[in-house]
Every structure is written in C-alpha cells, then in structure tokens.
Amino acid sequence: TKTFTNHLFVVVFLPQGEKNNGFDVLYHNMKHGQISSKELTDFIRERATIEEVYARSMTKLAKSAGNFSQLGTFAPVWDVFKTSTEKLASCHLELVRKLQELIKDVQKYVDDQAKVHKKTKEEVASTNGAVQTIQTTGVALQKSKENYNAKTVDQERLRKEGATQREVDKAGVKAKKATEAYKGLVEKYATAKSEFEQKMAETAQKFQNIEESHIVHMKDIIQSYAQSVDETHVQIGEVHTEFLGNMENTSVESLILKLAESKGTGKERPVWLCVMFCSNSFYSSSDSEDEDEPRKFRVEIKPVAPNNGTHQSRATIDELKASIGNISLSPPTTVRQFLHSFDLSLSLSLSIPHNSLSLLLSLSFFLSLYRSPFLFLPLSGTSRGPSPVTLASQDALPIAVAFTESVNAYFKGADPTKCIVKITGDMTLSFPMGIIKVFTSNPSPAVLTFKLKSTSKLEQILPNQTLLFSDPSQSDTNTKDFWFNMQALTSYLRKASEQNPAASYYNVDILKYQVSSNGIQSTPLNLAVYWKCTPTTTDLRLDYRYNPESMLCPGPLSNVQVLVPVDGEVINMQSLPNAVWNSELNKSLWKLSDISEKSDNEGSGSLRAKFELSDGPSTPTTLAVQFMSEGSTLSGVDMELLGVGYRLSLNKKRFATGMYRTKI
C-alpha cells in the first residue's frame, strides 16, 4: 500500500480491489461546489424576498398612519410614526437592492464556475484514462497472481505425492507460463502505476487550486451578505434612535402649541362686535315727512372682558352667517323707501377673528342696506414689505437646484490598490421669497414633482422624509421620481421667512446620497507620496495626476492647496514649485494654479521639497490636499421638473474635497 499526500487531499493507491478511486472523489467534490453555489444563490434570493415583503408591509403601515385622524392634540404624533415607519421600509428596501446585486454576482460566479469545471474535465481526461488503466491492470494482476500461486502449489503437490515425472513436468510447464504472465503484469502494473501517480499528482493539485479558489470566493460572498445585513441593522438602529428622540422631544406642551398654531384664529385678543338697531318703527311711504330723515344706528366695538377662566360664549363664523341669514329685508321701491312699516330691534354680540375680512365686509354690506352713516370697521393688518420676486399664482414659479458633492480619499503611498474612496452628495432647492405668498394664498398649490436622473451610480439615496414622497417600488435603476408634501413645504418656508424675513430666497435640503466608487479610478486627482528621511534632511516628493475619467463632464480643479506637516526642527526648506514654510505650525503649504487636461503634461506633475533638520530624522506624516470644481459632479446625477406650475431657473453643480489625504 502506498499513500500520496498533497496538502489538503489524500489519495490512496492500492494494487487491487476497487481502490484507486481518489480521482472520482475529487472530481465529484468539484461538482458539489457548483451545487453549493446555486444553493447559496437560492438562500440569498429567499432572504431578499422576505425583506421585500416586509418592506412593502411597512410602507403600507406608514400609509395607514398617514391616513389616521389628523384631528386633536395627538395628531402630530402620527407624523412621527409615519416618518419612522417609512424610513424603516427604506432600510429594508435598500437591503433588498444590495442582496439583488449580490445575487447577480453569485450567478455570474456560478456561470464562470461551470466554464472552469468544463475546461478542467477536458484537461484531466488523460488522468481518468490512467485511473481506468491501473484499475483494470490491477484486477488482471490479482487474477494472474492467484493463477501463479495455484500452478506453483499443484507442481509442488505432485512432486510430494510421487506423481510420474511426466505429470510433474507438465505441471511445471503450466507453472512457468503462470510465472511469466504474472511477471509481465507486475511490470505492466508498475508502468501504469508510475503514470497514474504522475498524472494524479498534477490533477490533485489542479483540483485543490479550484477548491481553494471556490472556498475563498464563497467566503467573500458570505462576507458581502453579512456586511449588507449589518449595515441595514445599523440603519434600523439609527431610525429607532431618531424615533425615540422625536418622541422625547414631543412634549405635552409642544403638542398643545402645535394645536394652537394650526387651529388658532390669531394671536391678538378678539373683540366683541355689538350692533344695535333702534328707531322703534319705520313708516310707510305715505309719510313723506320722514323720508328724508336718516335712519340712525349705533355701532360699538368693545374689548372682550376677562371672565376669570370661566367659559366665554363665542359665536362661530357659521353662527354669524346664520344670524345674518335669518334677517330678511323687503325690497325697497326706491333707494330711500321701505314698503312696509315694521319694528326692528336687533342686537348681535359676536367674537370675530381679526383676519376674517370677508366676513366683516359681508356684514358691512348688510348694514349698508340700512343706510347707516355710522358704520366703522365694526380693519388692520401687517406687511413685511415687498417680496424680492413678485409672482402671480398663475405664473410658472421659479426654483433653483444645487448639487454639491464631497470626495473623500485616502492614498497609501504609491500603491493604487490601497486607495479608499467615499463620495457623498447633497441636493438643495432654492425658493424665492415671493413664492411663499403664492403658497400661503393658495390652499391647493400645484404639487412640485421632479425626476432624479442618472442615479445608476448612486449606492444610497436618503430623501428628506419630512418634505418628500417617493414610490419605493420604482423599477428604473437610472431614475427616481419624487414629489413634495406641499403642506409641509409651505409650513417650512413660512417658518424660514419668519426667522429671516429680510432674505431674498430660502434654501431647503432635499436629499443626500452616496456615490458608488471604484478606488483610485474615482478620484479626480490621483496622488502618490515618497519620503526619504535621514537624521539631517528629509526629501519629499508628491506626484499628482488629473483624472478626467472620474467626471462626467471634466472641468478644472481650482483652489488647489497641499499642506505637509514636517517634524524634526526644520531650519531650511528648498521646494519646487515654491512653497511657504510656517515655522510655528511646522507645515509647508503649496498653492497651485488650476489643474485640468489643458495644464502642462495634461494635468500631471510633482511637488518636491528638501528640508534641513536640526533634530531629525522626521517621521512621515499625512498630507492634506484640497481643491474644488464648479459646473460638474462626480456622480453625473441631474434633476428634471415634472408637471406644470414650476420652472427651473438655475441648475448649479460643484464638488470639493472633504478628507483628501495621502500617507506613505
């Protein structure tokens, strides 16, 4: 018995029986790997289905919370529930999206795996032949050995039993033939065995490489799966923390205050309106002596007397309308005559909000029918001055949008594979002051709807849940539709104008997003740093390269600055191009002109400096770089207004550095 061992796999070769089947074991083990990949795909797909069903149920629950009664002091709490539930649904839908992307990766791996297995099967076909040869040779060798033993035993038995010489010689011939046959098969088996071991060694190594690669790939998939789930749990935890914070901030006083703000009829104390009609009788037109005598009415405005906290009787607007409606007047034959004489004594005691102008004007008209010369209005108001933009409700209202992105990068020496990149963005809408008057004067302004375009590069979109609605079931991965909660938008702008009435426009943060990155290929300015530190000097070189491929519409990088801390007590610095040394901060600063494809060397260059030290050597530190670019973004995301009633007056795009660092 001989044993062939190669790291992970042990293949046993025996000269007989049904052994030498290590090839079959390894081959079928390779095929089992493909089955495992498919089963992992099914598992992730089932998890995604469960998450999607749960997310849709949460979305439905959020809509239910939005449809609950908006009356009473508790009404604002439903908004907290609705917003929190919508965010939870978004968290689970984001997990669904990540899992679906992961399924695509696993399916691609399954397809690639099938191709590798097919190619491997063709490559190890000769090994399979060697296995079959040694197995058939081994069986034949076993039979030949048994025949050799039998013939040898027969010859020896005849000799011992005293058989004739002829019988003994005949048995000897058979034994000799059996010996030669057995010897030949031993040699043939040795040759087959040598070929088998050589081919099996190569094949076992091939199978091991495939299996190691398979296990590593499967672990990477599981790691991605676990990371996606973990990120979702973190987001869910943040939503719950936000919900608890909102509930803690929702005090009894704040709920009552919101009720007062939404249902109150004004901040000024109401007035009592007392109207009394006296001249005990009117005469018919036959009494011409009284026709020219004016009818006199007395109108008084009295403040509400305090009632020491007891219930105060107030007539509502509906009651006032009903009171006026109950007064009937006979039509006059002339402007100054009444056909029928009647006695009228009317007293109204009402509480009227100061802003119910239309109601007061209606009452004025009613009193004017009685030709009252003493009618005073029972009017006052305040003005904040003219708006910077004068708008009519029928005009297309102008709004502006700004996309601002921040690119964060960490470069490790000169190794591009170790570059870590994170790109985030903000979308802001700007509303002119004049639009607030249009919104507040129109109970149902046109719904502001827009489409976010070119979103395929966005990993995550976080809309302002207070102001925006969206349909999470939208299937187009390159666009996403949003529409405003116009009541919430109007309230937000009104509060903004109250806090800063002199502003000509108001900015509203609409959404935040994260852009998918591809390492150093996503950075607009590639960096590589080199340090050489000795006890007396430090040599520094920073190579940079403009990367237009990272931008949809490449533009120049402006305000480029590089800040380098150097320790070791610098006593002199020589640099190219010239830099400024700050001895208090122990930092050197380069300020560069705009970098673009039109720059020297198409935007590539180097910064060099030699520092003389009195207390060296220096320790390589982290370099900080900053720049900005106007007119484009790294994501390429854009916005398009939908529907009517609004127009886009300005679309501004820019990106700038956040934490942009490099270290050896």
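Up top you'll find the structure we're talking about.
About the cut-offs
- Each chain has its residues counted from 1, running along the sequence as written.
- Under the rules for a predicted model, residues below a pLDDT of 70 receive no local features and side-chain atom pairs below 80 are neither given nor counted, while totals for whole chains, interfaces and linings still include all residues.
- Heavy atoms throughout the structure, all of them, feed into the side-chain values; hydrogens and water do not.
- Numbering of helices and strands starts at the N terminus; helices are DSSP runs of H or I of at least 4 residues and strands are runs of E of at least 2.
- Per-residue accessibility, obtained with a 1.4 Å probe over protein chains only, is compared with the maximum for each type, and a residue is labelled buried under 20%, exposed over 50%, and partly exposed between these values.
- Any pair of N or O atoms that falls within 3.5 Å is considered a polar contact. Within protein, one atom must be able to donate a hydrogen and the other to accept it, and sequence-neighbouring residues count only if both atoms are side-chain atoms.
- Note on contacts: a residue pair is in contact if any heavy atoms of the two residues lie within 4.5 Å.
- Throughout this description, the term nonpolar core refers to a set of buried Ala, Val, Leu, Ile, Met, Phe, Trp, Tyr and Cys residues connected via side-chain atoms within 4.5 Å.
- Axis lines are fitted to C-alpha atoms, over the contacting stretch for helices. Their N-to-C directions set the angle, which ranges from 0 to 180 degrees.
- Here is the rule for angles: anything less than 35 degrees is roughly parallel, anything more than 145 is roughly antiparallel, 65 through 115 is roughly perpendicular, and the remaining ranges are oblique.
- For a crossing to be left-handed, the near helix must be turned anticlockwise from the far one by less than a right angle; the clockwise case is right-handed.
- Any residue outside Ala, Val, Leu, Ile, Met, Phe, Trp, Tyr, Cys, Pro, Asp, Glu, Lys and Arg is labelled polar, Gly included; the first ten of those are nonpolar and the last four are charged.
- A pair of strands is labelled paired if DSSP reports no fewer than 2 bridges between them.

Our next topic: the side chain of Thr428. With respect to the helices and strands, Thr428 occurs in strand β7 (residues 415-432). With a relative accessible area of 18%, Thr428 lands in the buried category. Here Asp509 takes part through its side chain, which lies 3.4 Å from a polar atom of the side chain of Thr428. Not counting chain neighbours up to four residues away, the residues in contact with Thr428 comprise Ala400, Val401, Ala402, Asn507, Val508, Asp509 and Ile510.

Residue position: Ser84 is located in helix α2 (residues 75-123). A relative accessible area of 9% places Ser84 in the buried class. Sequence-distant contacts of Ser84, that is, excluding residues within four places in its chain, are made with Val239 and Phe243.

With that settled, the discussion passes to the nonpolar core. Judged by nonpolar contacts, the single largest core of 73 residues is most densely connected at Met427, Leu429 and Phe484. The element best represented in this core is strand β6 (residues 397-412), accounting for 7 residues. If near-sequence neighbours (up to four positions away) are discounted, Met427 is found in contact with Val401, Ala402, Phe403, Phe450, Leu452, Val508, Asp509, Ile510, Leu511 and Met639. Judged by nonpolar contacts, the second largest core, of 16 residues, contains Phe23, Leu141, Leu185 and Phe207.

Moving on: the packing of helix α3 (residues 125-160) against helix α4 (residues 165-249). Their axes nearest at 7 Å, the elements α3 and α4 cross at an angle of 160°. Relative to α4, the element α3 lies roughly antiparallel. As α3 packs across α4, the resulting crossing turns out to be left-handed. Its residues assigned to classes, the contact of α3 with α4 comprises 19 nonpolar, 12 polar and 8 charged.

Below, the discussion takes up the sheet that holds strand β20 (residues 623-630). The strands making up a sheet associate through backbone hydrogen bonding, with each pair oriented either parallel or antiparallel. With mixed pairing, 9 strands are arranged side by side in an open sheet as β9-β12-β7-β6-β22-β20-β15-β18-β17. Whereas interior strands pair on both sides, the edge strands pair on one side only; in this sheet they are β9 (458-463) and β17 (580-582). With direction set aside, neighbouring strand axes in the sheet form an average angle of 20°. Here helix α8 (residues 434-441) sits on the sheet and contacts β6, β7, β12 (505-515) and β22 (646-663); the angle it forms with β6, its principal contact strand, is near 120°.

Bear in mind that shape data such as this cannot, by itself, settle questions of function.
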